[in-house]
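What the coordinates show
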Amino acid sequence: MDVIRIAHSPDPDDAFMFYALAKGKIPTEGLRLEHILRDIESLNRSALAGEYELTALSFHAYAYVADRYVLLTSGASMGDGYGPLLVAREEMAAEDLSRARIAVPGTLTTAFLLLRLIVPDVRHVVVPFDRIPEHVATGEADAGLLIHEGQLTYPTLGLRKVLDLGEWWFERTGLPLPLGGNAVRRDLGEDVVRALARLMRESIAYGLAHREEALEYARAFGRGLDLASTDRFVRMYVNELTLDCGERGKAAIRRLLQMGYERGVLPHPVPVQFVE
């Protein structure tokens, strides 16, 4: 294979993870890599078609591509007691959510899967993730589901938190909330798959060991975040579970997808396999 395409989102946490690979800070074991930047819902849709060799994707989307991709144990974004936020202009009780029109960042995002677990018959409208806060602030939706840096910046638009999906999940499972991860196409062959798994881990480890330079790079992807806010956001979603999700992280992923199936959100059980 001439070039391996690595697809990930143009967000501070992904930028931090992929910094070493994007800027040639670590050797690539003879592999030629091309970085593709797309928003997470676009990556989820591309994964359905098996478009990229290594891709970031939502764990919700993995339910539909497990036959084609295998998960890496490195690169997961997990919120340990926190996660995507539901926000609104006015106070809103949990029982109001079934009647609300909620702006969501995509129907294959894990945030949407969680929302379906909480509000099975949710009335939703898909809006690009970075436009959701404004969509709610201007009254085009009753509430909005925030991922990425919107979780930090929503108060500037006068919005208030209705529910933290990560808190909801932790109260029920005691596990971190697995939002997104990285997966490699199975047809690359075992040697290439394992090499990419090593490179992913090494890239994250480099960023954690060279935090200041990796943060400066990630800041450019923060859409208005200053360096301190970029650091805060990266610390939320690039941590010890990102370097290696471990047994606790694997259990969380399996529990999420099993719950999705049991509640009727996912159409079939999902076999979860990792590159070891």
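Please refer to the structure placed before this passage.
Residues numbered from 1 in each chain as written. Predicted model: local features only at pLDDT ≥ 70, side-chain atom pairs only at ≥ 80, totals over all residues. Heavy atoms only, no water.

A few points about the pairing of strand β7 (residues 101-104)
Pairing of β7 with strand β8 (residues 123-126) involves four bridges; the strand directions are parallel. Looking at β8, one finds that R101 is bridged to R123. In terms of strand pairing, β7 meets strand β9 (residues 143-146) through two bridges, oriented parallel. Within β9, the position partnered with A103 by the bridge is G144. (Pairing = 2+ DSSP bridges. Helix = DSSP H or I, 4+ residues; strand = E, 2+ residues; numbered from the N terminus.)

As for the sheet that holds β9
Taken in spatial order, the five strands line up as β8-β7-β9-β6-β10 in an open sheet, and their pairing is mixed. Taken across any chain shown, the strands that pair with only one partner, and hence form the sheet edges, are β8 and β10 (160-164). Across the sheet, the mean angle from the axis of one strand to that of its neighbour is 30°, orientation sign disregarded. Here helix α7 (residues 165-173) sits on the sheet in contact with β6 (85-88), β9 and β10, set at roughly 30° to β10. (Axes fitted to C-alpha atoms, helices over the stretch in contact; angles between N-to-C directions. Contact = heavy atoms within 4.5 Å.)

Quick notes on the environment of A205
If you trace the backbone, A205 turns up in helix α8 (residues 190-209). Distance in space between the C-alpha atoms of A205 and E240 is 9.8 Å, their sequence separation being 35 residues.

A short note on the packing of aromatic side chains
If you walk through the whole model with that rule in mind, you get five aromatic pairs. Measuring from ring centre to ring centre gives 5.8 Å for Y82 and Y237, while their planes differ by 70°; the resulting arrangement is edge-to-face. Of the two residues, Y82 sits in the loop between β5 (77-79) and β6 while Y237 sits in helix α10 (residues 227-237), which places them 155 residues apart along the sequence. Owing to a relative accessible area of 23%, Y82 belongs among the partly exposed residues under this scheme. Members of the aromatic cluster, joined through ring pairs, are Y19, Y206, Y217 and F221. (Phe/Tyr/Trp six-rings, centres within 6.5 Å; stacked < 30°, edge-to-face > 60°. Buried < 20%, exposed > 50% of the residue type's maximum accessible area, 1.4 Å probe, protein only.)

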